[in-house]
Amino acid sequence: MRLLTLPTVIALTVVATAAPALAETAPSRPGTIVVAADGSGDHTTVQAAVDAVQAGNTRPVTIKVREGTYKQQVVIPADKPYISLVGDTADPSKVVLTFDAAAKTPKPDGSGTYGTSGSASYVISAPDFTARNLTFENSYDEAAGGGSQAVAVRTTGDRQVYENVRFIGNQDTLYANTPSATTTARQYFRNCYVEGDVDFIFGRATALFHNCVIKSLSRGAADGNNGYVTAASTEITNPYGFMIYRSHLVSDAPAKTVHLGRPWPAGGSATARGQVLIRESWLGQQFKDAPWTDMSGLNWREARLAEYLNRGPGAAVNGDRPQLTREQARQHDPEDYLRGADGWDPFRSFPTGSDNRLGRQVLPENDGWAAEGAGTTGGSAARPENVYTVSTAAQLRAALGNPADNTPKIIYVKGAIDADTDAAGNPLTCDSYAVNGYSLQAYLAAYDPAVWGRDRVPSGPLEEARKASYDKMAQHVTINVGSNVTLVGLGSDAALKSFGIRITNVDNVIVRNLTITDTSDCFPQWDPTDGDEGNWNASFDNVEVSGATHVWLDHNTLNDGDNPDSNQPSYFGRPYQVHDGLLDIVRGANHVTMSWNHLSGHDKVTLIGNTDNGTRYGETDKLKVTLHHNFFEGLGQRTPRVRFGQVHIYNNYYTGGDNYLYSIGVGAGSQVYAQSNAFDGIPAEKVLSVLKGTAITARDNLVGGAPTDLVAAHNAAHDPDLGADAGWTPTLFTRIDPAHTLRGTVPARAGAGRLR
């Protein structure tokens, strides 16, 4: 089909590379045919194995393909049903079935060009077909030959299932079709990966994509059009075309440059009215605000293109994005697409239980604000090739990759990793980051109040050198976590030392089972105007959640390690502070759950909201955070300090320390609901601190083991009085434990290495 005006294709001569068949050397069991490129199986090519299946076959046949790359066009005809084509490995990237024909490529026999349909690496027309654990690819080189349609797979068979399969191409990757306009064909894609740029899921079939990763490649288009995901040509008589269900639509393309799709009147059909539903899926930043568009004279509004309950930075509701109502959605359940007249239900072929592997675990339903909407799933949908185990800083950075590439990932941290090391693993010191002549001694001499005074902040060459040194350090120790990532420790000794973890302007992140320690700043700034006596201000948090949404922080241990601020000297009569916050949630972050973490040995712990100006980051309706079953041990203040957000603080256990100031800071516009917490070694009147806030709901809390009205205790000791109604009631929680049980359960179970 003609889709875009594209550069002229350079003619390529395509030669099939299948090796001649070798003698059978490893007989397979009945019903199984083994394909191995090295001759160790029954056949060396997939087509030879297909040819060996009897036409009209009535019994299941498995074609098992061993690891390797097999370059050949293959046809699995309609008269050979019940074939399962299975890669002999759980990693589909290790079994690659490929060819490199494009629509405009001349055929080797000189009979013309391949055309769109003829370019398919695989044509699969057989009904009751299954593919599993392999990659279908069209390896046509667009960079060398110019843009053109180049199909990886063309499907026309009914009741086909594709599980853990990758479809790789550019334009027209997956042609999900039917034998004719008057027939239907149902195809179920589960845990699959589809990649391309223009109309890369297209055709007339009824196709359900379930828990798939669908990646739009960036074309680098100067006009801001980086392509289209779908081009459905569903006939008007068929109510069900394509559904993308609980999947991730990702890309590293610039924001607002990709379309969800356009309706294709295949072959000029006057009765094609493409039907596409994107349902309960995660949409990346790549999608346009008006993501549907016309095609070949067919207005997209005349087709059946809709969304339902999607999320992510590319999800929106507006006049150009039709949404199903709840009642309409009931008529478009996933099962409806596949049931047909024969009641086909491939869902029964798959286990229904949850995956208990640590990296695949998701936030439980109703577990705090991060469970809002579709919840927080992190990288649980990661493909096998996007699951990493890292034990060095270089490996960690490589696994995280570009945060703009929001492909689901699971990153397992094995052992302790120190950011203050070079590429060879050698330790780095503060002197390693210093540039432009910076030294602490010179800085102290230049900005000593006796020399500089106390009425202005430092400026000049040494202050600029301090900033440059800080920037060099920040670039080295800061790691940025992208959307759809689970970062999780393996075992009890997994640790990230000296890293500054940034979860910034992304969505759907899980961080669990990690010790995150000693994020110290070698270059704190002296500010003589900060307070009556001046202060040293550091600029690194162990973890910062900034502008991000749907974040679950669970069973982590956060502290200053063997470098507490109490061991630092004093300069200019003020403590030399090298640590900032342990875990801050700021700049309009939203829908965050902190559970079962252990925070200790620190002064300023957690900010929720970082300014009293609610419009600066649009925070007045954000900063919705839940903190439950966290162990706040021997901390100074801000556990947490809250601005604006509806923050539910329940079942946390607090102990006092030498530098204790307060626990919960009631800040400007805050709506804190503090419920069933326990405080030991802390005066009741100091639990709350009013920082421009006006009210808090506090109920069923214990201080020193005794039931205590925290608001009354505060009001008895301080003026003005604090109101006792925050104006809302939490609904997202799994259970509320009695406060008197927290002394035993929380210290025993909170923190890294204690997941159950």
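Before any of the text, the structure's been laid out above.
One numbering rule holds for all chains: residues counted from 1, following each sequence as written. Where totals are concerned, whole chains, interfaces and linings use all residues; where local detail is concerned, this predicted model gives features only for residues with pLDDT of at least 70, and gives and counts side-chain atom pairs only at 80 or more. Hydrogens and water molecules were not included; the side-chain quantities draw on all heavy atoms of the structure.

1. Examining the overall build of the protein
Condition: Only runs of H or I of at least four residues qualify as helices and only runs of E of at least two qualify as strands under DSSP, and these elements are numbered from the N terminus. This radius of gyration counts C-alpha atoms alone. The globule rule is 2.2 Å times how many residues there are, raised to the power 0.38. Should any heavy atoms of two residues lie within 4.5 Å, those residues are counted as being in contact. Here the open area of atoms and residues is found with the Shrake-Rupley method and a 1.4 Å probe, where only the protein chains shown may cover a residue. Counting rule for charge: Lys and Arg are taken as positive, Asp and Glu as negative, and neither His nor the chain ends is counted. Think of each charge as sitting on NZ of Lys, CZ of Arg, CG of Asp or CD of Glu.
Regarding its fold elements, the protein presents 12 helices and 53 strands. Compactness check: the protein gives a C-alpha radius of gyration of 30 Å against a globular reference of 27 Å for 756 residues, within 12% of the reference. Taking the principal axes of its C-alpha atoms as reference, the protein extends roughly 90 × 60 × 55 Å. A fraction of 73% describes how many contacts in the protein between residues 6 or more apart in sequence connect residues 24 or more apart. For the protein, the computed accessible surface area is about 28,900 Å², with 48% contributed by carbon and sulfur atoms. Side chains of the protein carry 64 positive and 80 negative charges; the gap between the two charge centres is 5 Å.

2. Some points on the pattern of salt bridges
Where charged atoms from two side chains of opposite charge approach closely, those side chains can pair. Stated precisely, the cut-off is as follows: A side-chain nitrogen of Lys or Arg and a carboxyl oxygen of Asp or Glu constitute a salt bridge if their distance falls within 4 Å. Any residue under 20% of the maximum accessible area for its type is buried, any over 50% is exposed, and the rest in between are partly exposed; the area is computed with a 1.4 Å probe on protein chains only.
Counted according to the given criterion, the structure contains 32 salt bridges. Across the pair arginine 466 and glutamate 463 runs a salt bridge whose closest N-O atoms are separated by 2.9 Å. Note that arginine 466 and glutamate 463 are positioned in helix α10 (residues 461-477) at a spacing of three residues, about one turn of the helix. When its relative accessible area of 8% is taken as the criterion, arginine 466 is described as buried. Connected through salt bridges with shared partners, the residues Asp128, Asp158, Arg159, Arg186 and Asp342 form a single ionic network.

3. Concerning the pairing of strand β28 (residues 500-504)
Just so we agree on the cut-off: At least two DSSP bridges between two strands are needed for those strands to be called paired.
Extensive coverage of β28 is indicated by the burial of four of its five residues. Two elements, strand β26 (residues 478-480) and β28, share three bridges in a ladder whose sense is parallel. Bridged to asparagine 480 within β28 is arginine 502. Relative to strand β33 (residues 543-546), β28 runs parallel, the two sharing four bridges. Paired with threonine 504 across the strands is serine 546, a residue of β33.

4. As for the sheet that holds strand β9 (residues 153-155)
In plain terms, the rule: The axes are straight lines fitted to the C-alpha atoms, using for helices just the contacting stretch, and the angles between their N-to-C directions are given from 0 to 180°.
Read from one edge of the open sheet, seven strands run β4-β7-β9-β11-β14-β17-β20, paired in parallel fashion. The outermost strands of the open sheet, each flanked by one partner alone, are β4 (74-76) and β20 (259-261). Geometrically, the sheet is characterised by an average inter-axis angle of 15° between neighbouring strands, direction not taken into account.

5. Considerations on the packing of aromatic side chains
The condition is simple: The criterion for an aromatic pair is that two Phe, Tyr or Trp rings (for Trp, the six-membered ring) have centres within 6.5 Å, with stacked assigned to planes under 30 degrees apart, edge-to-face to planes over 60 apart and tilted to the rest. Two limits define a charge over a ring: the Lys NZ or Arg CZ must be within 6 Å of the ring centre, and within 35 degrees of the ring normal.
Scanning the entire structure with this criterion turns up 30 aromatic pairs. The interplanar angle of 45° and the centroid separation of 5.4 Å between the aromatic rings of tryptophan 526 and tryptophan 536 together place this pair among those described as tilted. Taken together, the positions of tryptophan 526 in strand β31 (residues 525-527) and tryptophan 536 in strand β32 (residues 535-537) put the pair 10 residues apart, joining distant regions of the chain. The buried category is assigned to tryptophan 526, whose relative accessible area is 0%. Using a relative accessible area of 1% as the deciding quantity, one classes tryptophan 536 as buried. Connected via pairs of aromatic rings, a cluster forms that spans Tyr438, Tyr443, Tyr447, Trp452, Phe523, Trp526, Trp536, Tyr571, Phe572 and Tyr576. If you follow arginine 262 out to its NZ or CZ, it ends over the ring of tyrosine 228, 3.7 Å from the centre. The cationic tip of arginine 456 hangs over the ring face of tryptophan 452; the distance from NZ or CZ to the ring centre is 3.5 Å.

6. Overview of the nonpolar core
Selection criterion: Only buried residues count toward a nonpolar core, which is a set of Ala, Val, Leu, Ile, Met, Phe, Trp, Tyr and Cys residues joined through side-chain atoms within 4.5 Å.
One finds Leu496, Ile503 and Val545 to be the most contacted residues of the largest nonpolar core, which totals 85 residues. In terms of residue count, the dominant contributor to this core is α10 (six residues). Among all residues touching valine 545, those that are not within four sequence positions of it are Ile503, Val551, Leu553, Asp584, Ile585, Val586, Ala589 and Val592.

7. Side note on unusual backbone geometry
Put simply, threonine 639 and proline 640 share a cis peptide bond, and its omega is 0°. Structurally, the position occupied by proline 640 is in the loop between β43 (631-633) and β44 (641-642). The residue after aspartate 719, namely proline 720, is reached through a cis peptide bond having omega -5°. Along the chain, proline 720 falls in the loop between α11 (710-717) and α12 (742-749). The phi torsion at tyrosine 82 lies on the positive side, around 65°, for a residue other than glycine. Looking at the element boundaries, tyrosine 82 is found in the loop between β4 and β5 (83-87). A residue is classified by how much of its surface remains accessible, and tyrosine 82, at 35% relative accessible area, is partly exposed. We note that arginine 159 has phi near 55°; this positive angle belongs to a residue other than glycine.

8. Brief notes about the packing of helix α8 (residues 440-447) against α10
Counted only if it meets this: When describing relative orientation, an angle under 35 degrees is termed roughly parallel and one over 145 degrees roughly antiparallel, while 65 to 115 degrees is termed roughly perpendicular and anything else oblique. For any pair of crossing helices, the crossing counts as left-handed if the nearer helix is rotated counterclockwise from the farther one by less than a right angle, and right-handed if it is rotated clockwise. Residues were grouped as follows: Ala, Val, Leu, Ile, Met, Phe, Trp, Tyr, Cys and Pro as nonpolar; Asp, Glu, Lys and Arg as charged; and all remaining residues, including Gly, as polar.
Close contact between α8 and α10 brings their axes to 10 Å; oriented N to C, the two are set at 140°. Overall, the two elements α8 and α10 adopt an arrangement that is oblique. The hand of the α8/α10 crossing is left-handed. The segment α8 lies against α10, with Ala442, Tyr443, Ala446 and Tyr447 engaging Leu462, Glu463 and Arg466. The residue makeup of the contact of α8 with α10, split by class, is five nonpolar, no polar and two charged.

9. Focus: the state of the cysteines
Operational definition: For this text, the term disulfide refers to a pair of cysteine sulfurs within 2.5 Å.
Applying the stated criterion to the full structure yields one disulfide. Looking at the unpaired cysteine 192, the closest cysteine sulfur is the one in cysteine 212, lying at 4.5 Å. In this structure cysteine 192 comes out as buried when scored by relative accessible area, which is 1%.

10. A few points about α8
Selection rule: What the arc describes is the spread of directions from the helix axis to the C-beta atoms.
Every buried residue belonging to α8 is among Leu440, Tyr443, Leu444 and Tyr447, and all of these are buried. On an axial view of α8, the arc spanned by its buried residues comes to 100°, and they lie on one face. Seen from the buried face of α8, the exposed residues on the opposite side, beyond 90 degrees, are Gln441 and Ala445. At its buried positions, α8 is contacted by α9 (449-452), α10, β31, β32 and β36 (570-571).

11. Section: helix α6 (residues 393-400)
All of the buried residues in α6 are Ala393, Leu396, Ala399 and Leu400. Along the axis of α6, the buried positions cluster into a sector of 130°, meaning they face one direction only. Taken together, the buried residues of α6 touch β24 (387-390), β25 (409-418), β26 and β27 (485-497). In the stretch just after α6, glycine 401 is the one whose phi turns positive, near 60°.

12. Observations concerning the pairing of strand β34 (residues 549-554)
Counting buried positions over the six residues of β34 gives five, a clear majority of the element. With five bridges joining them, strand β29 (residues 507-512) and β34 adopt parallel strand pairing. Bridge pairing in β34 places aspartate 507 opposite threonine 549. In this structure, β34 lies alongside strand β39 (residues 590-595), joined through five bridges in parallel fashion. Bridge pairing links leucine 553 to methionine 594 in β39.

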